[in-house]
Amino acid sequence: MEKKKEYKILFVCLGNICRSPSAEAVMKKLVQDAGLSDRIKVDSAGIIGYHEGEQADPRMRAHAARRGYKLDSISRPVRTEDFFDFDLIIGMDNRNIDDLKRKAPDLESVAKIHQMTEYSRNKLYDYVPDPYYSGAEGFELVLDLLEDACGGLLEEISLL
Ligand code: 4NP
């Protein structure tokens, strides 16, 4: 099979200020370290537009920074064009998946929707829990789950 020129991944959570911007940063670093930045493009968005225009949550940024990730994305809601523009649309929990399926404009778009933990190698959680009302351990758990699942995702894409 001919190699696809570019592969585009959109990570989605509720507010696009905690989990999906972290997934974006973790995946970008893995892609960069693998020398695949030209081939694999990564972005993130939220189900709700409540935090549109905001930087990622300062608690999430601080926890991520301790692991060497710089969260520089600005919150935006998912748009209809995203379903045509991206190859994979990855939600963090069941609610994100249900909301994405409701927003999907056609069946081809529905087929692009997957859950982050499908790519986990360490199958301890079947979703990435919302850390917004949690303490520090919630933010650390998000990063543990994302580092594991993004590694699995990169392996899977590399086979395409
Ligand atoms: P995220 O976390 O979906 O991981 O960005 C949340 C951010 C904001 C809210 C909930 C979750 N909120 O209710 O505003």
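The rules behind the values
- Residues numbered from 1 in each chain as written.
- Predicted model: local features only at pLDDT ≥ 70, side-chain atom pairs only at ≥ 80, totals over all residues.
- Heavy atoms only, no water.
- UniProt positions renumbered as here; feature names shortened; annotations may be inferred.
- 1 Å grid on protein atoms, 1.4 Å probe; cavity = no way out; pocket = protein on both sides within 12 Å on 5 of 7 lines; lining within 4 Å.
- Helix = DSSP H or I, 4+ residues; strand = E, 2+ residues; numbered from the N terminus.
- Contact = heavy atoms within 4.5 Å.
- Phe/Tyr/Trp six-rings, centres within 6.5 Å; stacked < 30°, edge-to-face > 60°.
- Buried < 20%, exposed > 50% of the residue type's maximum accessible area, 1.4 Å probe, protein only.
- Lys NZ or Arg CZ within 6 Å of the ring centre and 35° of its normal.

An unreviewed UniProt entry lists the chain under the name Low molecular weight phosphotyrosine protein phosphatase, with Parabacteroides acidifaciens as the source organism. Entered under Sequence similarities (unreviewed entry) in the UniProt record, the comment concerning the chain runs "Belongs to the low molecular weight phosphotyrosine protein phosphatase family."

**Student:** How do you make sense of the UniProt feature "active site" (unreviewed entry) in the chain when you look at a structure like this?
**Tutor:** Here, UniProt's "active site" (unreviewed entry) annotation points to C13, R19 and D130. Separation in sequence by 118 residues is not matched in space for these annotated residues, since their most distant C-alpha atoms are only 8.5 Å apart. When only the residues just named are considered, the largest pocket is lined by C13, R19 and D130. Tracing the sequence through the fold places C13 in strand 1 (residues 7–13). Setting aside chain neighbours within four positions, we find C13 in contact with R19, S20, P21, A45, G46, I47, M92 and N96. Of note, R19 is situated in helix 1 (residues 19–33). Excluding anything up to four places from it in sequence, R19 contacts C13, L14, M92, D93, N96, V128, P129, D130, P131, V142 and L146.

**Student:** Looking at this structure, I do not really get the packing of aromatic side chains. What am I missing?
**Tutor:** Aromatic rings in a pair are described by how distant their centres are and how their planes are angled relative to each other. Under the criterion given, the structure shown has 1 aromatic pair. The interplanar angle of 85 degrees and the centroid separation of 5.0 Å between the aromatic rings of Y132 and Y133 together place this pair among those described as edge-to-face. The class of Y132 is partly exposed, set by a relative accessible area of 29%. It is R59 that lies over the ring of Y132; its NZ or CZ is 5.3 Å from the centre.

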